[in-house]
Amino acid sequence: SDVPNHDISPLQGVSPTDNAFDYGWKQLYRIVPVKERRKLVLYFPTASTYPSYRMKPTRFISHCMGHEGPGSILSLLKKLGWATDLGAGTSSQSTYFALFEISIKLTEEGLSHYMEVIDVVFSYIRNCLRASSDEARQAIRSECEMIEELNFRFRSKQREDAYTEQLAVNLSRYPREEVLCGAELFYDPLDMRLVDKMLDEDFTPANLRIDLVAPLAELAAQVPGDAAWEAEEWYGTKYHRTALSAAIQTRWTSLPPHADLMLPKLNQYTPEKNDLKGPQEAAPLEPVKVIDTAKVQAYHVMDCSFGVPKAACHLQLTNFAVERSPRTAVCLRMVLELVQEVTNEEAYDAEEAGLIFDITNSSQSSPCCGLRLSFKGYDHKMAFMVKNIVKCIAEFDIAEHLSTFELLKEKTIVDYRNRKFQQSYVHAITANNAVQEKPFWSNEERLTELETLTADEVQRFLTDFLSQLLIEGMMVGNMTAEEAVVLVNSALEHLSHDELAPGNVPALKTTKVPDGVTVLHEELNPDPDAVDSSISVYVQVGERSVVQDVTLELLCQIMDKDMYSVLRTQEQLGYVVAGVASNKWQVGGVRFLIQGVMDPEYLEGRLENFLHLFQDKLATMAPEDFSEHVQSLITKKSEKDRNCDRHCDRLMQELCSHTYLWNRKDLEVKALAEITQPELVEFFVKYLSVTSQTRRRIACHVVGRAALDVLKGAGVEPSVTDASKGKLLVFAPGAVPFPLPP
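Residues numbered from 1 in each chain as written. Predicted model: local features only at pLDDT ≥ 70, side-chain atom pairs only at ≥ 80, totals over all residues. Heavy atoms only, no water.

### Some words on the overall build of the protein chain
Then, in step 1: Broken down by element type, the protein chain carries 24 helices and 21 strands.
Then, in step 2: Against the globule reference of 27 Å for 742 residues, the protein chain gives a C-alpha radius of gyration of 29 Å, in line with a compact fold.
Then, in step 3: Projected onto its principal axes, the C-alpha positions of the protein chain cover 80 × 70 × 70 Å.
Then, in step 4: Counting over 742 residues, the protein chain shows a buried share of 51%.
Then, in step 5: Counting contacts in the protein chain only where the partners sit at least 6 residues apart, residues at least 24 apart contribute 83% of the total. (Helix = DSSP H or I, 4+ residues; strand = E, 2+ residues; numbered from the N terminus. Rg over C-alpha atoms; globule rule 2.2 N^0.38 Å. Buried < 20%, exposed > 50% of the residue type's maximum accessible area, 1.4 Å probe, protein only. Contact = heavy atoms within 4.5 Å.)

Now the structure itself:
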């Protein structure tokens with residue numbers, strides 16, 4: 001190689017002589033967060049895991065401690081009502097050290113029992129992980145080894161840049177001949193004496209740091225009233241630290257076994273077949289409709305082109321009753337949360353075995369008025385899982401899960417409360433959506449309804465929701481048409497629903513802005529301490545078409561570099577500067593986003609100035625530069641799907657949008673090849689130019705603390721107040737609400 005070798009040693013990180021994890025580090029830290037959250041994090045410093053990569057002992061330990069099935073730490077904590085989530089594994093490391101982290105999301109009740117939560121963890125370490133027989137532990141290790149080998153053999157395609165970056169990192173960690181698989185495969189049998197040595201020396205109370213994160217008032221109640229709180233140097237985060245006494249450490253070394261704790265059982269979802277059911281050739285462009293009734297529309301594509309025994313399946317359960325009011329919307333949210341929670345142990349096993357389940361009540365890419373179930377991974381046990389999940393939904397009895405309902409209600413309330421701490425531009429987008437979408441229910445409306453929601457109401461809602469359904473399904477991958485039909489019919493046999501009544505057929509609408517009109521919405525940032533302001537300016541174009549879609553995409557691609565260079569780099573308006581094509585309910589447009597410390601009116605003025613100058617740049621762009629942009633987008637559109645998951649996602653968008661352009665990519669490439677530079681300029685002049693008499697805009701401004709401070713410092717009373725939210729200012733055609741600078 002021509003690259004010179006300067007013999008520079010790699011960065012070593014903390015060395016053995018640094019003693020980074022001293023007595024001062026191994027304490028209990030009570031930490032006050034910005035958002036409302038309750039979390040317990042246990043840190044155990046260990047030696048670096050890189051030298052033991054052939055056996056991967058910490059991978060075995062994290063598999064057992066992070067397990068979510070019956071007998072796990074999380075399963076017990078959920079039964080006790082103390083936690084909602086748990087993760088375990090090596091979080092960071094260098095050449096000489098590693099940090100093993102156990103992160104637990106606590107409930108309000110769990111916070112007051114955090115010591116007992118730690119009891120459960122140490123009981124599992126000592127009485128399950130350490131005390132179990134080598135035979136039982138080796139059985140778990142063997143299953144992990146088999147699944148890792150299967151995953152490596154049939155790994156889906158990754159982004160080239162991300163994969164290359166990971167390989168570059170691996171070059172400094174593993175021998176060259178094992179760079180591709182050193183981080184994944186188990187090479188040597190696991191010596192349980194090494195595991196026991198780690199458990200005895202590293203996973204002990206004497207080698208523990210605890211971070212307890214919660215609101216200040218709740219943490220302050222745990223310490224003496226005159227306790228001194230410290231502030232972190234860079235962000236001013238408040239914290240209080242306490243030494244772990246000898247008595248506490250003794251307590252955690254002598255805990256009795258717990259009847260509800262045990263090692264993971266063997267996984268029922270481990271695939272036993274991995275044969276391809278069709279030729280490894282390009283899949284058909286169009287899916288085949290395999291079920292066609294008034295209640296079920298299901299499509300299938302056999303796609304073995306990726307050479308892996310995997311498939312993807314989407315099922316959407318639609319009933320517009322979910323959008324009748326903010327109360328029905330939060331009822332659906334609670335159904336989603338309950339189904340996720342009750343099926344979590346089964347879904348966790350499936351994911352460990354390479355079969356992933358997801359459930360959502362929303363979609364950015366296509367309409368979703370109900371629940372969308374997604375399954376992807378090895379096809380062998382997929383039908384079994386789909387049937388189990390649909391059966392759970394169909395037969396769900398909330399009365400059997402009342403304590404779970406209350407825990408999830410608390411968790412969801414906290415989620416809605418914390419949304420006021422989102423980035424300023426997110427609030428601007430939300431305000432924009434509130435003007436555009438019909439129906440639309442705000443976070444505040446949902447929170448108000450959720451606080452008084454009862455389990456009985458949610459049960460009645462679920463019964464009503466399931467009584468009438470349109471079920472749309474898409475199945476792609478290593479699955480025959482016959483298997484796809486059996487999968488759907490077998491899963492739906494637990495449902496007994498009628499077809500949708502006219503009033504429950506989805507009717508999603510978007511506001512049509514009259515030609516030349518600008519609609520302005522202004523509000524204060526919901527977080528009074530947030531410094532940044534932001535704008536979200538949506539320019540409406542019209543109903544979707546292939547030509548309009550690619551024209552908008554091409555225009556935004558050309559604008560992107562200039563927006564970054566001018567608005568972010570030169571004018572330094574802020575780190576969030578973007579212009580992206582937007583399609584909402586089959587209506588196209590462009591959304592401009594800017595977030596920074598300046599007043600929103602100033603930000604919008606700079607955006608207008610940019611668009612004014614960009615028009616000339618677009619018109620005078622060199623033909624070869626224009627052709628390069630077109631070809632770049634054609635190349636992007638011509639890329640094949642990386643896996644059957646992406647293939648299925650793309651077709652599902654067409655199905656749920658009821659557009660059915662299965663060959664959209666080909667149509668877009670053809671349309672791009674026919675676009676001319678004068679046509680693009682004409683499009684810009686008509687729809688986006690500041691001088692256009694037909695430009696249609698919805699502008700939403702969020703005012704942050706920095707802008708308010710400037711006004712108050714100048715003795716000017718801010719025009720935007722708490723009362724501004726929800727009020728719209730409409731500027732008639734010809735009006736110039738944000739004039740260009742002289």
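### Side note on the sheet that holds strand S11 (residues 355-360)
Then, in step 1: One open sheet holds the six strands; their spatial order is S8-S9-S14-S10-S12-S11, and the pairing between them is mixed. For this open sheet the edge positions go to strand S8 (288-292) and S11, each flanked by a neighbour on one side alone. Shown here is a sheet whose adjacent strand axes are inclined to one another by a mean of 10°, direction ignored.
Then, in step 2: As defined by bridge partners, S8 adjoins strand S9 (residues 296-302) across four bridges and the pair is classed as antiparallel. If you follow valine 288 over to S9, its bridge partner there is histidine 300. (Pairing = 2+ DSSP bridges. Axes fitted to C-alpha atoms, helices over the stretch in contact; angles between N-to-C directions.)

### Some words on the pairing of strand S12 (residues 370-378)
Then, in step 1: Burial of S12 is extensive: eight of the nine residues sit out of reach of the surface.
Then, in step 2: Pairing geometry for S11 and S12, over six bridges, is antiparallel. The residue of S12 that forms the bridge with isoleucine 356 is lysine 376.

### Here we look at the packing of helix H1 (residues 57-65) against helix H4 (residues 114-129)
Then, in step 1: Interaxial distance between H1 and H4 falls to 11 Å at its minimum, and their mutual angle equals 120°. Relative to H4, the element H1 is oriented oblique. Of the two elements, H1 crosses H4, and the hand of that crossing is right-handed. Of H4, the residues touching H1 (which contributes Phe60, Ile61, Cys64 and Met65) are Val121, Tyr124, Ile125 and Leu129.
Then, in step 2: Grouping the amino acids of the contact of H1 with H4 by side-chain chemistry returns eight nonpolar, no polar and no charged. (Parallel < 35°, antiparallel > 145°, perpendicular 65-115°, else oblique. Left-handed = near helix turned anticlockwise from the far one by under 90°. Nonpolar A, V, L, I, M, F, W, Y, C, P; charged D, E, K, R; others polar.)

### Topic: the environment of tyrosine 425
Then, in step 1: Within the secondary structure, tyrosine 425 sits in helix H14 (residues 424-436).
Then, in step 2: Residues tyrosine 425 and serine 533, 108 residues apart in the sequence, show an inter-C-alpha distance of 7.7 Å.
Then, in step 3: Those residues in contact with tyrosine 425 that lie beyond four places of it in its chain are Ser534, Val576, Leu593 and Gln595.

### Describing the side chain of glutamate 668
Then, in step 1: Note on placement: glutamate 668 falls in helix H22 (residues 664-674).
Then, in step 2: With residues near it in sequence (within four places) discarded, glutamate 668 still touches Val546, Asp549, Val550, Glu553 and Lys637.

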